[in-house]
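Listed here are the chains, written in short residue letters.
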Number of protein chains: 2
Amino acid sequence: MTASLLIRNVRPNAGPALDILIENGRISRMAKDIAAPAGVAVEDGRGEIAIPGLVEAHAHLDKSLWGLPWYVNEVGPKLLDKIDNERMNKRRLDLDPARQSARQTVQSSMMGSTHTRSHVDVDTDHGLWGVEGIMKTRDEYADIMDIELVAFPQSGLLRRPGTLELMHEAMKAGCEIVGGLDPCAIDRDPKGHLDAVFGLCQTYGRPLDIHLHEPGEMGLFSLDLIIERTRALGMKGKVTVSHAFCLGTAPELVEPVIPQLAALDIAIMTTAPARNTAPAVKKLLDAGIRVCSGSDGIRDTWGPYGNADMVERAMFIGLRNNFRRDDEVELGLHVCTTGGAQVMEIADYGLAEGKSADLVIMPGQSLTDIVVTRSPKRRVIKRGKIVARDGVSVRTAP
Amino acid sequence: MTASLLIRNVRPNAGPALDILIENGRISRMAKDIAAPAGVAVEDGRGEIAIPGLVEAHAHLDKSLWGLPWYVNEVGPKLLDKIDNERMNKRRLDLDPARQSARQTVQSSMMGSTHTRSHVDVDTDHGLWGVEGIMKTRDEYADIMDIELVAFPQSGLLRRPGTLELMHEAMKAGCEIVGGLDPCAIDRDPKGHLDAVFGLCQTYGRPLDIHLHEPGEMGLFSLDLIIERTRALGMKGKVTVSHAFCLGTAPELVEPVIPQLAALDIAIMTTAPARNTAPAVKKLLDAGIRVCSGSDGIRDTWGPYGNADMVERAMFIGLRNNFRRDDEVELGLHVCTTGGAQVMEIADYGLAEGKSADLVIMPGQSLTDIVVTRSPKRRVIKRGKIVARDGVSVRTAP
């Protein structure tokens, strides 16, 4: 599913206005006044800004309540309250992963994302229901989104016997990434948990993307164990730590860790949460660490927030990190575009000749303006095809 | 400027659907199937939710760059960098307070605010330029917004001689509230600063709304001096502390302060900043303390963020305070509506018979849905007149 298109008068990354010629789904030329080849549709860029497709590098496509009747959240305060509440109510709430992931994918595409890394619950109550559901969406909506799957033991790996076996099944079924979760706080066996998930990585030759919500010294201990295994197993560049709230604790504890992450090319995913300690994005980027972001769960049993808008997420990164200068605010947009592509190892990503024609055209005076204004007037292009325009997708959600 | 209107089929605060009859700018009846009086226009509420008008309880109407050419922010990291950068560039950037406050007022009304408390810079470089400008807007846009003015010594009160005299002029010119700013950190003379601003309150019989950005123990020291003066001068219920970042520090330091704030009915304004320690909203409300919120500066020389949307602000309050349950998320909306009205002492506020007909009608399944969805499809009613519909105001910004 590829297409050809000539976009006239558009400003790549807020630079000078150019034309972009897309042929067979790839950017073939970026120059002034390109002659339209015969039969190629022309889109007026209206002098708006083009950015590469947004990268949703941390979603949970299987668990959004999007489009279902309003869910009144009365969940308890602990992490396990939310985990158990969700697992126990999935069937009752009719949280069909195929339908819900399709809905979120259409919403996400409409907001400008062209690539998604989704964690997907693997547990003994639901088996591979989630994996199969998102895989169906991945196939059926391949024209608007590239989706990568992380097999995610949301309810714990060791504390619920049978889960590890299901993780093997999920990897065999085609999940690209091994997931993990709070080795101390949830499984209460950091060595056991990490040996198991790194073992899965070794068995299937796949990268790791592990959730680490653990705060302070506990989180830094788990992170140290992750670093140790990454080094010992030669997994440099193949590990992402998601959330990593512990990297927002006391600088004297965090600073010695940063060079180790950089040396092993361990990537960090942050949603830039307002309510938590969080990694300092600029410090990580300055150290050469790959940083990506994501919406995390949107409108699910964990909480009601979220709209899958990675431009809004860039704003959250700015607000959380006190980015005020234009050159700082742009870092948030970098994290939500190129940063995500670096983490997902998308080879043909970017606004350059030869790259896949995945881009978003938005009105704005500058990249910072895009982030703070978050205009809904977006044109989203996936492999050269216009897949969304002003909040209307070419695909209908189920 | 008052009006009559019958709104059919609307759900006050997400309750059962009713009709709302507005006569001469006031809500005269709320009931099912009200017969339309002769000559009264009828508005179809479409079963949407009505909330009382949003209250923008902390704006800086004089300093937004809204509608001006893009300002590339390259300001330094310190608070004084931002203060000096702004003061020194106001004229060069053509930051005319009358025009800019009008622009922000139209934007704010469009998003659903019906009342604004605005701080306004008073300094020796610009005198009462800001006060006069916002007063012009207050008069000319009285049909869409009630505006209250806080005389605000943004550049310091004592460190720049002549400012105190200008503060007297501002109060005589008609500012309703005395402002102040970081008695330790900016003026470096907490006793002098606080004696001066409380003195202004005494002289003019006016309340105080003081900016307090000072962190940790320094902020708590300043707060203690504020509490002491509030008590000594009999100003119970007449003091607001804006930002109060210090109330987000160690619980063992903050907890003894809460009952003192409650006893003296000192109100707290928080923008729920993601980047800072911040007051815990639920703890304050549980203690019976009035809490309001505001957009603070929007798109100004301090930073590019903001759109004057107090529904979005309610979401920020939820995100910052980790509100996930519906009953928690609704607290954010309370702060941005009734909480603000309590702080601004708006006597005839609320969705009830006899109150001023200031309300917003928005689509949504629940109050929490309103906050997280932040629909732009809003109908804003000020004193019974529909002043904005779907993002279009009845007034044109200059």
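Residues numbered from 1 in each chain as written. Chains lettered and ligands numbered in written order. Predicted model: local features only at pLDDT ≥ 70, side-chain atom pairs only at ≥ 80, totals over all residues. Heavy atoms only, no water.

### Observations regarding the UniProt feature "domain: Amidohydrolase" (unreviewed entry) in chain A
Per the UniProt entry, the sites bearing "domain: Amidohydrolase" (unreviewed entry) are residues 42-388 of chain A in this numbering. Overall, residues 42-388 of chain A shows 39% helix and 18% strand. The separation of its end C-alpha atoms is 16 Å. (UniProt positions renumbered as here; feature names shortened; annotations may be inferred. Helix = DSSP H or I, 4+ residues; strand = E, 2+ residues; numbered from the N terminus.)

### With respect to the relation of the copies chain B and chain A
The two copies are related by a screw motion: chain B maps onto chain A through a turn of 180° and a shift of 0.0 Å along the axis, at an RMSD of 0.0 Å. Overall, the copies show the geometry of a two-fold rotation axis. The position closest to the rotation axis in chain B is occupied by the C-alpha of Ala274 of chain B, lying 2.1 Å away. Looking at chain B, 100% of its interface residues are interface residues in chain A too, so the copies touch through the same face. (Least-squares fit on C-alpha atoms with pLDDT ≥ 70 in both. Contact = heavy atoms within 4.5 Å.)

### A few points about the interface of chain B and chain A
Between chain B and chain A, the contact holds 36 residues from the first and 36 residues from the second. Here chain B meets chain A over a buried area of about 3200 Å², counting both sides, of which 53% is carbon and sulfur. Per-residue buried area on chain B facing chain A is highest for Trp70, Tyr305 and Arg324 of chain B; these three make up 25% of the total on that side. When the shortest N-O distance is used, the salt bridge between Arg299 of chain B and Asp369 of chain A registers 3.8 Å. Applying the counting criterion to the chain B and chain A interface returns 22 residue pairs in polar contact (both at pLDDT 80 or more). (Buried area = accessible area lost by both parts, 1.4 Å probe. Salt bridge = Lys/Arg side-chain N within 4 Å of Asp/Glu carboxyl O. Polar contact = N/O pair within 3.5 Å; in protein donor to acceptor, adjacent residues only side chain to side chain.)

### Notes on the environment of Gly53 of chain B
All names here are of chain B. Structurally, Gly53 can be placed in the loop between β5 (49-52) and β6 (54-59). Gly53 sits 72 residues away from Asp125 along the chain, and the two C-alpha atoms are 36 Å apart. Those residues in contact with Gly53, other than ones at most four positions away along the chain, are Gly112, Thr114, Thr337, Tyr349, Asp358, Leu359 and Val360.

### Examining the pattern of salt bridges
Taken as a whole and judged by the stated rule, the model has 70 salt bridges over all chains. The partner of Arg229 of chain A in a salt bridge is Glu228 of chain A, with the nearest N and O atoms 3.5 Å apart. Glu228 of chain A gets classed as partly exposed once you look at its relative accessible area, which sits at 44%. When the shortest N-O distance is used, the salt bridge between Asp265 of chain B and Arg290 of chain B registers 2.9 Å. (Buried < 20%, exposed > 50% of the residue type's maximum accessible area, 1.4 Å probe, protein only.)

### Here we look at the packing of helix α2 (residues 97-110) of chain B against helix α3 (residues 129-140) of chain B
Residue and element names in this part refer to chain B. Contact geometry of α2 with α3 gives a least axis separation of 7 Å together with a crossing angle of 45°. As summarised for this structure, α2 and α3 are arranged oblique, according to the angle between their axes. The element α2 and its partner α3 pack so that their crossing is right-handed. Side by side, α2 and α3 meet where Pro97, Ala98, Ser101, Ala102 and Thr105 of the first sit next to Trp129, Gly130, Gly133, Ile134, Lys136 and Thr137 of the second. Class assignment of the residues belonging to the contact of α2 with α3 gives a composition of 5 nonpolar, 5 polar and 1 charged. (Axes fitted to C-alpha atoms, helices over the stretch in contact; angles between N-to-C directions. Parallel < 35°, antiparallel > 145°, perpendicular 65-115°, else oblique. Left-handed = near helix turned anticlockwise from the far one by under 90°. Nonpolar A, V, L, I, M, F, W, Y, C, P; charged D, E, K, R; others polar.)

### Looking at the environment of Pro304 of chain A
Looking at the secondary structure, you find Pro304 of chain A in the loop between β13 (291-292) and α10 (310-320). Taking the C-alpha atoms as reference points, Pro304 of chain A and Asp327 of chain A, separated by 23 residues in sequence, lie 32 Å from one another. If sequence neighbours within four positions are ignored, Pro304 of chain A has contacts with Trp70 and Arg299 of chain A together with Arg324, Val329, Thr368 and Val372 of chain B.

### Quick notes on the side chain of Asp121 of chain A
Residue and element names in this part refer to chain A. Tracing the sequence through the fold places Asp121 in strand β7 (residues 113-121). A polar atom in the side chain of Asp121 sits 3.1 Å from the side chain of Lys63. For Asp121, the residues in contact, after removing those within four places along its chain, are Asp62, Lys63, Glu86, Lys90, Gly127, Phe152 and Gln154.

### Brief notes about the side chain of Ser113 of chain B
Residue and element names in this part refer to chain B. With respect to the helices, strands and loops of the structure, Ser113 is situated in strand β7 (residues 113-121). When its relative accessible area of 1% is taken as the criterion, Ser113 is described as buried. Excluding residues that lie within four positions of it along the chain, Ser113 makes contacts with Leu54, Glu56, Ser108, Ile144, Met145, Ala308 and Met310.

### A short note on the sheet that holds β7 of chain A
Residues and elements named next belong to chain A. On the basis of which strands lie adjacent, the open sheet formed by 8 strands has the order β6-β7-β8-β9-β10-β11-β12-β13 and parallel pairing. A strand with exactly one partner marks an edge of an open sheet, and here the two such strands are β6 (54-59) and β13. Of the pairings in the sheet, the one linking β7 to strand β8 (residues 146-152) comprises 7 bridges and is parallel in character. Across the sheet, the residue bridging to His119 is Val150, located in β8. Packed on one face of the sheet, helix α2 (residues 97-111) meets β6, β7 and β8 and runs near 150° to β7. (Pairing = 2+ DSSP bridges.)

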